[in-house]
Amino acid sequence: MTEFAVTHNLDPISDREPQNALKVISYGGGVQSTALLTLAAKGTIDFPTFLFSNVGDDSENPGTLQYIREIASPFAQQHGISLEILEKVRRDGRTETLWQMLHRPEARSIPIPVRMANGAPGRRNCTGDFKIKVISKWLKTHGASADRPATVGIGISVDEIHRANRRRSEPNQRVTYPLLDLGLRREDCIQLIREAGLPVPPKSSCFFCPFHTVDEWRTQRKFEPELFSKSEDLERFINSRRAALGRDDVYLTRYGTPLGTAIHIPAGDDLEEGNCDSGWCMT
């Protein structure tokens, strides 16, 4: 069995949580949040609801979607946990995926953190629009408010403590980090998943995320060539739109060159990991 010690809760208002307030986990489908699912199943943490905000079947890592539908959802149901799959809904009632947003005819900005020619990441709205706000809307519908915020647990482990950032939440949310409170590292999370009899999930993210490492891009090109081709198509499409607006090219890596060329840079000169530090994705 995994052993861990409870550490001091970093949230100063954790002991003043209103009775019967909503308690949910922002479930990303990756290692850390799946470890939280196993902890909830054992009763170690008290979070009866897990919310997976699906960026889109045409956008998410297909392996993540398969894991959630075939592994995580049945496991949650077996242990009396509600695992809700949410989608972004526009004001006109239509659902929208990130892939669709990127291809809007009228779009002038790019919601994903594409890289400028100098390698610097651009601004992004994808996490806010497709994760934080979608979950906030669900919470509001279920009674959360600024006066009575829901507790939202995020799966950041001790070895990624630099990603913890309580500012990235809506007024009806109070963000907390159960893995930090329990002093758990990523390797502990993997052990918890295996002890629960579950396979370890793949890393969760959009398949075209600019925060992929070079090794992740190489893996995609080798084993999922159709996804890599779509990523290349997306990069070309974005730049065709920017050219029409008189703007410079941008890229899905920080090497200032098209994706098909960038991944041939020698191993060892890798993209930095953990730049998406909000914890709402890739957990």
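Shown above is the structure to which this text applies.
As a starting point, this report considers the structure included with it. All values derive from a computational prediction rather than experimental measurement.

### A word on the packing of helix α1 (residues 31-42) against helix α6 (residues 186-195)
Argument step 1. Remark: α1 packs on α6, axes separated minimally by 8 Å, with the N-to-C direction vectors making an angle of 50 degrees. In terms of their interaxial angle, α1 and α6 are classed as oblique. Of the two elements, α1 crosses α6, and the hand of that crossing is left-handed. Taken together, the residues of α6 that come into contact with α1 (itself represented by Val31, Gln32, Thr34, Ala35, Thr38, Leu39 and Lys42) are Arg186, Cys189, Ile190, Leu192 and Ile193.
Argument step 2. Grouping the constituent residues of the contact of α1 with α6 by class yields seven nonpolar, three polar and two charged.

### As for the pairing of strand β3 (residues 82-86)
Argument step 1. Bridging between strand β2 (residues 49-53) and β3 involves five bridges; their strand directions are parallel. Bridging across to β3, serine 53 finds its partner in leucine 86.
Argument step 2. Each parallel crossover has a hand, and the one from β2 via helix α2 (residues 62-78) to β3 is right-handed.

### Describing α2
Argument step 1. The end-to-end C-alpha distance of α2 is 23 Å, a good match for the 24 Å that 17 residues give at a rise of 1.5 Å each.
Argument step 2. The largest bend in α2 amounts to roughly 40 degrees and is located at isoleucine 68.
Argument step 3. The N-terminus of α2 is capped by asparagine 61, whose side-chain oxygen sits 2.9 Å from the backbone nitrogen of glycine 63.
Argument step 4. Just downstream of α2 lies glycine 80, where phi reads positive at about 70 degrees.

### Remarks on the pattern of salt bridges
Argument step 1. Summed over the entire model, instances satisfying the criterion amount to twelve salt bridges.
Argument step 2. A salt bridge links glutamate 96 to arginine 104, with the shortest nitrogen-to-oxygen separation between them at 2.8 Å.
Argument step 3. Residue classification places arginine 104 among the partly exposed residues on the basis of a relative accessible area of 22%.
Argument step 4. Notably, a salt bridge pairs aspartate 233 with arginine 236, separated by 2.5 Å at the nearest N-O pair.

Conventions used here
- Residues numbered from 1 in each chain as written.
- Predicted model: local features only at pLDDT ≥ 70, side-chain atom pairs only at ≥ 80, totals over all residues.
- Heavy atoms only, no water.
- Axes fitted to C-alpha atoms, helices over the stretch in contact; angles between N-to-C directions.
- Helix = DSSP H or I, 4+ residues; strand = E, 2+ residues; numbered from the N terminus.
- Parallel < 35°, antiparallel > 145°, perpendicular 65-115°, else oblique.
- Left-handed = near helix turned anticlockwise from the far one by under 90°.
- Contact = heavy atoms within 4.5 Å.
- Nonpolar A, V, L, I, M, F, W, Y, C, P; charged D, E, K, R; others polar.
- Pairing = 2+ DSSP bridges.
- Right-handed = clockwise from strand over helix to strand, strands pointing away.
- Expected span 1.5 Å × (residues − 1).
- Bend = angle between axes of the 7 residues up to and from the residue.
- Polar contact = N/O pair within 3.5 Å; in protein donor to acceptor, adjacent residues only side chain to side chain.
- Salt bridge = Lys/Arg side-chain N within 4 Å of Asp/Glu carboxyl O.
- Buried < 20%, exposed > 50% of the residue type's maximum accessible area, 1.4 Å probe, protein only.

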